[in-house]
Amino acid sequence: MLPDPSRKYSAFPPVAIADRQWPGRVIDTPPVWMSTDLRDGNQSLFEPMNGERKMRMFKTLCAIGFKEIEVAFPSASQTDFDFVRGLIEGGHVPQDVTIEVLTQAREHLIRRTMESLKGARRAIVHVYNATSKPFRDFVFGMSKAEVVTMAVDAVTLIRQLAAEQPETEFILEYSPETFTATELDFALEVCDAVTAAWGATRDNKVILNLPTTVEVATPNVYADQIEWMHRHLARRDSVILSLHPHNDRGTAVAAAELGLMAGADRVEGCLFGNGERTGNVDIVTLALNMYSQACTPASTSPTSTPSPVPSSTATSCPSTRAIPTRGISSSRPSPAPTRMPSRRASPLKRRKVTPIRRGTCPTSPSIPPTWGAATTP
């Protein structure tokens, strides 16, 4: 480590909001929850789920009560494409559940994605392109105007292809990837151009997803960015404002909570927080935090609390049951308190305690995915 980190890094500049409102708000209504366990969560696994395990996980998510589930990146692989087709053709999608698919803002990928959705009752098409200056300058080699055109062209194509599949109700979701590192006025320009291109109305809302693609600042800065967008969007009443927090700084849950206080309507994440790099927001933790503050996390029955067992089986990541610090054998009732014996007394015979280490996601598929099994920390 550098003795003076300022030689390499600079602090993220604060957002200029003199009268920010989110610090005085509380979360009293649940957001729309969207599970990306089958997509963002799946890509982080040592051994990604096959079709059978993805189907098991999809049915688990439906049983828990998720109404929006991102199921695949259909243009990325034949496995993902076939899984989407299997869900639709096999009639596995409940009437009250909407599937979501992801695509980059590229014509051939969009066409392949829309092909995967033929015959679906209702689907969210989630399209994205990066908007931050490093991506514009070094990855795309594009000006701001060209990046806006990239987003608008993608949305226009999706709208055209959606009109050719009238049997499906399509909802557009757009993400300005690397939002938190993008100049706010430019992020606003892109998002407003997208909602205009789609023709967003109160009856035909667009999901604008503002991700912490990489956590680059503290959660209060993210909340300021969300509140600024919430205030300045041209068609706010025609927009569902969505969050997709990542956990690079270990503050995804806090970022999601403050983002909801700042005006967001929807949260994307994974049940137990797995995902690329350090993970997505942990939906179970976030929901239970709300529950502990007298806010019902969802309209589904409390009995739908997720069990780690189906998730462990599908992802091959065991979830360790709570283990007391003294070890597994201390689950038996402890004896009554005893005074320490004097030196002349017989030594107190202690029970042999077998320590158990906290389970972690295995780094080898050879490790059996047994719930509660001790694994290497």
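Within any chain, residue numbers begin from 1 and follow the written order of that chain's sequence. A pLDDT threshold of at least 70 governs which residues receive local features in this predicted model, and a stricter bar of 80 or more applies before side-chain atom pairs are shown or counted, although totals over entire chains, interfaces and linings include all residues. Derived side-chain values reflect all non-hydrogen atoms in the structure, with water molecules and hydrogen atoms excluded from consideration.

**Regarding helix 2 (residues 78-89)**
We count it as follows: By the criteria applied, helices consist of DSSP H or I runs no shorter than four residues and strands consist of E runs no shorter than two, each listed in order from the N terminus. One less than the residue count of a helix, multiplied by 1.5 Å, gives the span that helix is expected to have. The buried label goes to any residue with under 20% of its type's maximum accessible area, the exposed label to any with over 50%, and the partly exposed label to all in between, with areas taken from a 1.4 Å probe on protein chains only. Should any heavy atoms of two residues lie within 4.5 Å, those residues are counted as being in contact.
Across its 12 residues, helix 2 extends 16 Å between first and last C-alpha, which sits within 8% of the 16 Å expected from 1.5 Å per residue. Here helix 2 has its buried residues at Asp 80, Phe 81, Phe 83, Val 84, Arg 85, Leu 87 and Ile 88. Those residues of helix 2 that are buried are in contact with helix 1 (51-64), strand 2 (68-72), strand 3 (98-104) and helix 3 (107-116). The positive-phi residue at the C-terminal boundary of helix 2 is Gly 91, with phi of around 65 degrees.

**Let's talk about the nonpolar core**
Note the cut-off: In this description, a nonpolar core means a group of buried Ala, Val, Leu, Ile, Met, Phe, Trp, Tyr and Cys residues linked to one another through side-chain atoms lying within 4.5 Å.
Counting 90 residues, the largest nonpolar core has Leu 38, Phe 58, Ile 69, Val 71, Leu 117, Ile 226 and Met 229 as its most contacted members. Not counting residues within four places of it along the chain, the set of residues in contact with Met 229 comprises Phe 179, Leu 184, Ala 187, Leu 188, Cys 191 and Leu 210.

**Considering the side chain of Ser 132**
Heads up, the condition is: For the purposes of these results, a polar contact is taken to be a pair of N or O atoms within 3.5 Å, where, inside protein, one atom must be able to donate a hydrogen and its partner to accept one; residues adjacent in sequence count only when each atom of the pair is a side-chain atom.
Structurally, Ser 132 is set in the loop between strand 4 (122-130) and helix 4 (133-140). Of note is the side chain of Ser 132, whose polar atom sits 3.0 Å from the side chain of Thr 178. In contact with Ser 132, other than residues within four places in its own chain, are Glu 177, Thr 178, Ala 181 and Thr 182.

**Let's talk about the sheet that holds strand 6 (residues 206-212)**
So the rule is basically this: Any two strands with at least two DSSP-identified bridges between them are counted as paired. In this description, a line fitted to the C-alpha atoms serves as the axis of each element, helices being fitted only across the stretch in contact, and the angle between N-to-C directions of two axes falls anywhere from 0 to 180 degrees.
One closed barrel holds the 8 strands; their spatial order is 1-2-3-4-5-6-7-8, and the pairing between them is parallel. The mean angle between the axes of side-by-side strands here comes to 25 degrees, regardless of whether they run parallel or antiparallel. Here 7 bridges tie strand 6 to strand 7 (residues 239-245), and the two strands are oriented parallel to one another. The residue bridging Leu 208 from the neighbouring strand is Leu 241, located in strand 7.

**Considering the confidence of the model for the protein**
Filter applied, for reference: pLDDT expresses how confident the predictor is about each individual residue, on a scale running from 0 to 100.
Overall, the prediction assigns the protein a mean pLDDT of 86, with 79% of residues at 70 or greater. Within the model, the stretch residues 324-335 combines pLDDT values under 50 with 15 contacts to residues more than four positions away or in other chains. Confidence over residues 358-377 falls short of pLDDT 50; this stretch has 40 contacts with residues more than four positions distant or in other chains.

**Observations regarding the packing of aromatic side chains**
Put simply, the rule reads: The criterion for an aromatic pair is that two Phe, Tyr or Trp rings (for Trp, the six-membered ring) have centres within 6.5 Å, with stacked assigned to planes under 30 degrees apart, edge-to-face to planes over 60 apart and tilted to the rest. Sitting over a ring, as applied to charges here, requires NZ of Lys or CZ of Arg to be within 6 Å of the ring centre and within 35 degrees of the ring normal.
In this structure the tally under the stated criterion is 1 aromatic pair. Aromatic pair Phe 135 and Phe 140: ring centres 6.3 Å apart, planes at 55 degrees, arrangement tilted. On the basis of relative accessibility, which here comes to 29%, the residue Phe 140 falls in the partly exposed class. Above the face of the Phe 81 ring, Arg 112 is positioned so that its terminal group lies 3.6 Å from the ring centre.

**A few points about helix 3**
To keep things clear, this is the line we draw: The arc refers to the directions leading from the helix axis to the C-beta atoms.
Among the residues of helix 3, those classed as buried are Leu 109, Ile 110, Thr 113, Met 114 and Ser 116. What you see down the axis of helix 3 is that its buried residues fit within an arc of 155 degrees, all on one side. Buried residues along helix 3 sit in contact with helix 2, strand 3, strand 4, helix 5 (144-163) and strand 5 (169-177).

**So, the environment of Asn 42**
With respect to the helices, strands and loops of the structure, Asn 42 is situated in the loop between strand 1 (32-35) and helix 1. Taking relative accessible area as the criterion, Asn 42 reaches 7% and is therefore assigned buried. Separated by 232 residues in the primary sequence, Asn 42 and Asn 274 have C-alpha atoms spaced 8.3 Å apart. Apart from residues no more than four positions distant in its own chain, Asn 42 is found in contact with Asp 37, Pro 48, Met 49 and Lys 54.

**Quick notes on the pattern of salt bridges**
For clarity, the threshold we go by: Salt bridges are identified by distance alone: a Lys or Arg side-chain nitrogen within 4 Å of an Asp or Glu carboxyl oxygen.
Counted according to the given criterion, the structure contains 22 salt bridges. Ionic pairing is found between Arg 39 and Glu 70, a salt bridge with its closest N-O pair at 3.2 Å. Placement of Arg 39 in the loop between strand 1 and helix 1 and of Glu 70 in strand 2 is noted, with a sequence separation of 31 residues between them. For the pair formed by Arg 39 and Glu 70, the shared burial category is buried. Of the charged contacts in the structure, one is a salt bridge between Glu 227 and Arg 231, with a shortest N-O distance of 2.7 Å. With Glu 227 and Arg 231 both in helix 7 (residues 219-232) and 4 residues apart, the pair spans about one turn of that helix. Classification of Glu 227 as buried rests on a relative accessible area of 1%. Overall, the relative accessible area of 36% leaves Arg 231 in the partly exposed class. Linked through salt bridges whose partners overlap, the residues forming this network are Glu 68, Glu 100, Glu 173, Arg 266 and Glu 268.

**Let's talk about the packing of helix 2 against helix 3**
For any two helices packed against each other, the geometry comes down to the angle between their axes and how far apart the axes lie. What counts here: Under this scheme an angle from 65 to 115 degrees is roughly perpendicular, one under 35 degrees roughly parallel, and one over 145 degrees roughly antiparallel; angles in between are oblique. Under the convention adopted here, Pro, Cys and the residues Ala, Val, Leu, Ile, Met, Phe, Trp and Tyr are nonpolar, Asp, Glu, Lys and Arg are charged, and Gly plus all remaining residues are polar.
For the pair helix 2 and helix 3, the least separation of the axes is 9 Å and the interaxial angle reads 30 degrees. Here helix 3 runs roughly parallel to helix 2, going by the angle between their axes. Residues Gln 78, Phe 81, Val 84, Arg 85 and Ile 88 of helix 2 touch helix 3, and the partners they reach there are Arg 112, Glu 115 and Ser 116. Tallied by class, residues from the contact of helix 2 with helix 3 come to 3 nonpolar, 2 polar and 3 charged.

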